[in-house]
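Listed here are the chains, written in short residue letters.
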Amino acid sequence: MTPGQYLGLHLTLGLLVAAGCLWLFGGLAEDLVTNDPLVRFDQAVANTLHDLATPSFTAFFLVVTALGSVETLTLLGLLVAAFFAWRRRWIDLGSWVAAVAGAAVLNQLLKEVFARPRPYFEQPLVLETSYSFPSGHSMDSLVLYGMLAYFCVLALRTWRGRTAVVFGVALLVLLIGFSRMYLGVHYFSDVAAGFAAGGVWLSALITGTETIRRGGIAVRPRRNLRAFLRSPAGLWLKRRLSPRGAYGLHLTVGLVLAGLCAWGFAGTVEDVLTLDPLVEIDESILHYIYANPVPNLTLATTVLVSVLSPEVLLLTAALAGLVMVVLSRRGRRRGLHLHFAGIVLLVSSLGTGAIAELSKALFHRDRPPASLQLMPETGHGFPSSHAMAVVVIGAVVWYLFAIYRRGDGVRSTWRVRAVLGLVVVLVALLVGVGRAYTGAHYPSDVLAGWALGGVWASICVTAAEVFRRLREGGSRGSNGTASTPKRPRQTEHPQDDSKSQYRLPWWRRLFGVGSSWSAPRTSPRP
């Protein structure tokens, strides 16, 4: 509760405000989904405001609603961002960019989730075609104008000026929200939900910005990037973006890729379950392909998808992984750590097969009808196992090749890695498109297979890289700096390697014994 501490009163109030706004939004969403009396109240308010509309009020509220439009807020966002960049106020710039981008993404996501139609009138004042819940004008204006008010409060020195700014912004935001109801493009609950969702995001932004400002950085109008990087938040961000260390940039990128692929898979699942226009596009594409087949292309596609079928890919990867593990135990190869590569191939291939079969049994979507198939197949088709398997195995093979080192320590070049990565992407595209071309899958099945395969591939590669870096000689810490390994004390009686391995950490025993990833084993010093 201390006002001036790093995690004091501002953090407590921010969490309380965010929790209250989240509770309000949840209540409004529940009333909408369960068709509570709030829905009838919405319609009554909309009809009353439409009946009381006059030309003068309509002109006034058209001007007010323009202040919360996408064009106005985008221009405002660019101007404020340019000002902060010019003044080198990096913390404020980061908060402002997060406010603009986060509000836009969150609003669009919520609209797609609830998919509530807008109010309908025979003689509308304004025409809108997107979804209604929650109000984008209300949410975006609250977040952006609220952040501007926060920056003004920090800059002003008198309570009178700060109070005037806060009340002025609050009045403007309320007028923008009411204008959406008056013009008949939103219900009352849409506007209230927009304010609630915007309140959650705004309170989170202000609380986070205040925490960063108080965390070791002096409260000054001008802040430099070096001071931010020395703060607790800056040090954490630096560790997460460092290319070195076990928990650095590769972990951040892997989590981001997994999140994006999961978002794409969830969107495809939602479209399929709700019979969105994506389903109609699926059938239209298959009808066109079946009516215009190309014999030579059909033959080439059939051969390609047969050679790169999930049975062939997963079985080959599993057998290769098993052979590598066996050879590593017998000590036939010492330069490349076959045990690690074998474990990665085994886990990725077995997990791919299990996830694909579980997903098909869960969604239970049939394949296209036989009248649209150039290569007849039966069973469930969502998601495409072909698309998923080629993405996962291709990504794992590319990763193992990228970390490969020859005996002299020379690694594969970036040019070769880039070419191999492009080949993997091209093969994945050809296999997925080929499955849709032959009619064995809908295009949405292929999209879902690519997305789900991207999630599993990101998890496998990221986890493998974390374990690899932890296992490297004198493993690197989370701060990206290499720690010097301690040399064990020399004893008169050398230790037995078969017994000493059990004293190592479990993650070293899992991926093999040794203190270095690529260095060949040498005989012990006399």
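Before reading further, recall that the structure is shown in the block above.
The rules behind the values
- Residue positions within a chain follow its written sequence, with the count starting from 1.
- It should be noted that, the model being predicted, local features are given only for residues of pLDDT at least 70 and side-chain atom pairs only at 80 or more, the latter also being counted only at that level, while totals for whole chains, interfaces and linings use all residues.
- To get the side-chain values, take all heavy atoms of the structure and skip hydrogens and water.
- Where helices and strands are cited, they refer to DSSP runs of H or I of at least four residues and of E of at least two residues respectively, numbered from the N terminus.
- For this analysis, residues touch if any pair of their heavy atoms sits within 4.5 Å.
- A 1.4 Å probe and the Shrake-Rupley method give the accessible areas. Residues count as covered only by the protein chains that appear here.
- In this description, a nonpolar core means a group of buried Ala, Val, Leu, Ile, Met, Phe, Trp, Tyr and Cys residues linked to one another through side-chain atoms lying within 4.5 Å.
- Only protein chains enter the area calculation, which uses a 1.4 Å probe; residues under 20% of their type maximum are buried, those over 50% are exposed, and those in between are partly exposed.
- A cavity, in this analysis, means grid points on a 1 Å lattice covering only the protein atoms where a 1.4 Å probe fits yet has no way out; a pocket is instead an open set bounded by protein on both sides within 12 Å along at least five of seven lines, and a residue lines either one if it has an atom within 4 Å of a point.
- Grid points are joined across faces, edges and corners, and a volume is the space filled by probe spheres set on the points.
- Note on residue classes: Ala, Val, Leu, Ile, Met, Phe, Trp, Tyr, Cys and Pro are nonpolar, Asp, Glu, Lys and Arg are charged, and everything else, Gly too, is polar.
- Helix span, expected: 1.5 Å multiplied by one less than the number of residues in the helix.
- The axes are straight lines fitted to the C-alpha atoms, using for helices just the contacting stretch, and the angles between their N-to-C directions are given from 0 to 180°.
- Orientation categories follow fixed angle ranges, with anything under 35 degrees roughly parallel, anything over 145 roughly antiparallel, 65 to 115 roughly perpendicular, and all other angles oblique.
- By the definition used in this description, the sense in which the near helix is turned from the far one sets the handedness, with an anticlockwise turn below a right angle giving left-handed and a clockwise turn giving right-handed.
- A pair of aromatic rings is counted whenever rings of Phe, Tyr or Trp (Trp by its six-membered ring) have centres within 6.5 Å, and the orientation is called stacked for planes under 30 degrees apart, edge-to-face for over 60 and tilted otherwise.
- Think of it as a cone above the ring: NZ of Lys or CZ of Arg counts as a charge over the ring if it is within 6 Å of the ring centre and within 35 degrees of the ring normal.
- N or O atoms within 3.5 Å of each other form a polar contact, as long as, within protein, one can give a hydrogen and the other can take it, and as long as residues adjacent in sequence are counted only when both atoms are side-chain atoms.
- Residues qualify for a patch when their relative accessible area is over 30% and they have no salt bridge, like charges being joined within 9 Å and the nonpolar side chains of Val, Leu, Ile, Met, Phe, Trp and Tyr within 5 Å.
- Salt bridge, as used here, is a side-chain nitrogen of Lys or Arg placed within 4 Å of a carboxyl oxygen of Asp or Glu.

A.B. asks: Mind laying out the overall build of the chain, listing which residues take part and the relevant values?
C.D. replies: Looking only at helices and strands, the chain has 20 helices and zero strands in total. Here the contacts in the chain between residues at least 6 apart in sequence split such that 75% fall between residues at least 24 apart. Accessible surface, the chain as shown: approximately 29200 Å² in total, 68% of it carbon and sulfur.

A.B. asks: Explain the nonpolar core residue by residue, including any values.
C.D. replies: Core analysis: the largest hydrophobic core is formed by 32 residues, its most contacted members being Phe265, Phe340 and Leu400. Of all the secondary-structure elements, those providing two or more residues to this core are α11 (249-273), α14 (310-330), α15 (338-363), α16 (385-402), α17 (414-437) and α18 (443-471). Phe265 has contacts with Phe363, Phe382, Ala448, Ala451 and Leu452, leaving out every residue within four places of it along the chain.

A.B. asks: I'd like a rundown of the layout of surface pockets, residues and numbers included.
C.D. replies: In this structure, the second largest pocket encloses a volume near 1200 Å³. The set of elements that each furnish at least two residues to the lining of the second largest pocket consists of α11, α16, α17 and α18. Class assignment of the residues belonging to the lining of the second largest pocket gives a composition of 19 nonpolar, six polar and nine charged.

A.B. asks: Which residues make up α17, and what values go with them?
C.D. replies: Compared with an ideal rise of 1.5 Å per residue, which puts 24 residues at 34 Å, α17 spans 34 Å between its outermost C-alpha atoms and is within 8% of the ideal. Burial in α17 covers these residues: Arg417, Gly421, Val424, Ala428, Val431, Gly432, Gly434, Arg435, Ala436 and Tyr437. Against α12 (277-291), α13 (295-307), α16 and α18 lie the buried residues of α17. After α17 finishes, the residue Gly439 shows a positive phi value of roughly 80°.

A.B. asks: Describe the packing of α15 against α16, with residues and values.
C.D. replies: The geometry of α15 relative to α16 is characterised by a closest axis approach of 10 Å and an angle of 165° between their N-to-C directions. In terms of orientation, α15 and α16 fall into the roughly antiparallel class. Viewed along their axes, α15 and α16 form a crossing whose handedness is right-handed. Contacts from Phe340, Ala341, Val344, Leu345, Ser348, Ser349, Thr352, Ile355, Ala356 and Lys360 of α15 reach α16 at Ser385, Met388, Ala389, Val392, Ile393, Val396, Tyr399 and Leu400. Class assignment of the residues belonging to the contact of α15 with α16 gives a composition of 13 nonpolar, four polar and one charged.

A.B. asks: Help me get a handle on the packing of aromatic side chains, residues and values and all.
C.D. replies: This model, assessed by the stated rule, comprises 14 aromatic pairs. Relative to Phe84, the ring of Phe83 has its centre 5.8 Å away and its plane inclined at 50°; by these criteria the two rings are tilted. Residue Phe83 is classed as partly exposed on the basis of its relative accessible area, which comes to 35%. One aromatic cluster in this structure is built from Phe83, Phe84, Trp86, Trp96, Tyr150 and Phe151. One residue, Arg162, lies across the ring of Trp159, its end atom 5.3 Å from the ring centre.

A.B. asks: So what about the side chain of Ser458? Which residues, and what values?
C.D. replies: Mapped onto the elements, Ser458 comes out in helix α18. Given a relative accessible area of 11%, Ser458 falls into the buried group. Within the structure, Ser458 has its side chain in polar contact with the backbone oxygen of Gly454 (distance 2.7 Å).

A.B. asks: Account for a nonpolar patch on the surface, naming residues and giving values.
C.D. replies: Taken together, the side chains of Trp236, Leu237, Leu241, Leu249, Val253, Val256, Leu257 and Leu260 make up a nonpolar region of the molecular surface, amounting to roughly 690 Å² of accessible area. Taken together, the elements giving at least two residues each to the nonpolar patch come down to α10 (232-241) and α11. In terms of residue count, the dominant contributor to the nonpolar patch is α11 (five residues). Residue placement: Leu260 occurs in helix α11.

A.B. asks: Describe the pattern of salt bridges, naming the residues involved and giving the relevant values.
C.D. replies: Under the counting rule described, the total for this entry stands at four salt bridges. For Arg116, the salt bridge is made with Asp190, and the minimal N-O distance between the two is 2.8 Å. One end of the pair, Arg116, is in the loop between α5 (90-114) and α6 (136-155); the other, Asp190, is in helix α8 (residues 188-214), and 74 residues separate them in sequence. Arg469 serves as the salt-bridge partner of Glu465, at 2.8 Å between the closest nitrogen and oxygen. Here Glu465 and its partner Arg469 are both found in helix α18, four residues apart, which amounts to about one turn of the helix. In this structure, Glu465 and Arg469 share a single accessibility class: buried. The structure contains a network of salt bridges with shared partners spanning Glu465, Arg468 and Arg469.

A.B. asks: Explain the side chain of Arg180 to me, using residue names and the numbers behind them.
C.D. replies: Here Arg180 is to be found in helix α7 (residues 159-182). Ignoring sequence-local partners within four residues, the contact set of Arg180 consists of Thr65, Arg118, Glu128, Ser135, His137, Val185, His186 and Val191.

A.B. asks: How would you sum up the packing of α11 against α18? Please name residues and give values.
C.D. replies: The axes of two packed helices give the description: the angle between them and the distance between them. Running from N to C, α11 and α18 cross one another at 160°; their axes reach a closest spacing of 8 Å. Here α18 runs roughly antiparallel to α11, going by the angle between their axes. In terms of crossing hand, the pair formed by α11 and α18 is left-handed. Along the contact surface, α11 presents His250, Leu251, Gly254, Leu257, Ala258, Cys261, Ala262, Gly264, Phe265, Thr268 and Val272, while α18 presents Ser444, Leu447, Ala448, Ala451, Leu452, Gly454, Val455, Ser458, Thr462, Glu465, Val466 and Arg469. Residue classes in the contact of α11 with α18 are distributed as 13 nonpolar, eight polar and two charged.

A.B. asks: Explain the environment of Ala448 residue by residue, including any values.
C.D. replies: Inspection of the secondary structure assignment puts Ala448 in helix α18. Residues Ala448 and Phe382, 66 residues apart in the sequence, show an inter-C-alpha distance of 7.3 Å. Ignoring sequence-local partners within four residues, the contact set of Ala448 consists of Phe265, Thr268, Phe382 and Pro383.

A.B. asks: If you had to explain the environment of Val126 to someone new, which residues and values would you point to?
C.D. replies: Its location among the elements puts Val126 in the loop between α5 and α6. For Val126, a relative accessible area of 24% corresponds to the partly exposed category. For the pair Val126 and Arg180, spaced 54 residues apart in the sequence, the C-alpha separation amounts to 9.5 Å. Sequence-distant contacts of Val126, that is, excluding residues within four places in its chain, are made with Leu62, Leu183 and Val185.

A.B. asks: Account for the environment of Gly199, naming residues and giving values.
C.D. replies: Its location among the elements puts Gly199 in helix α8. For the pair formed by Gly199 and Met139, sequence separation is 60 residues and the distance between their alpha carbons is 7.9 Å. Apart from the residues within four sequence positions on either side, Gly199 is in contact with Cys21 and Leu142.

A.B. asks: Lay out α11 with the relevant residues and their values.
C.D. replies: The end-to-end C-alpha separation of α11 is 36 Å, in line with the 36 Å expected for 25 residues at 1.5 Å each. Regarding α11, the residues found buried are His250, Gly254, Ala258, Phe265, Thr268, Val269 and Val272. Residues of α11 that are buried make contact with α12, α15 and α18. Positive phi shows up at Leu275, right after α11, with a value of about 55°.

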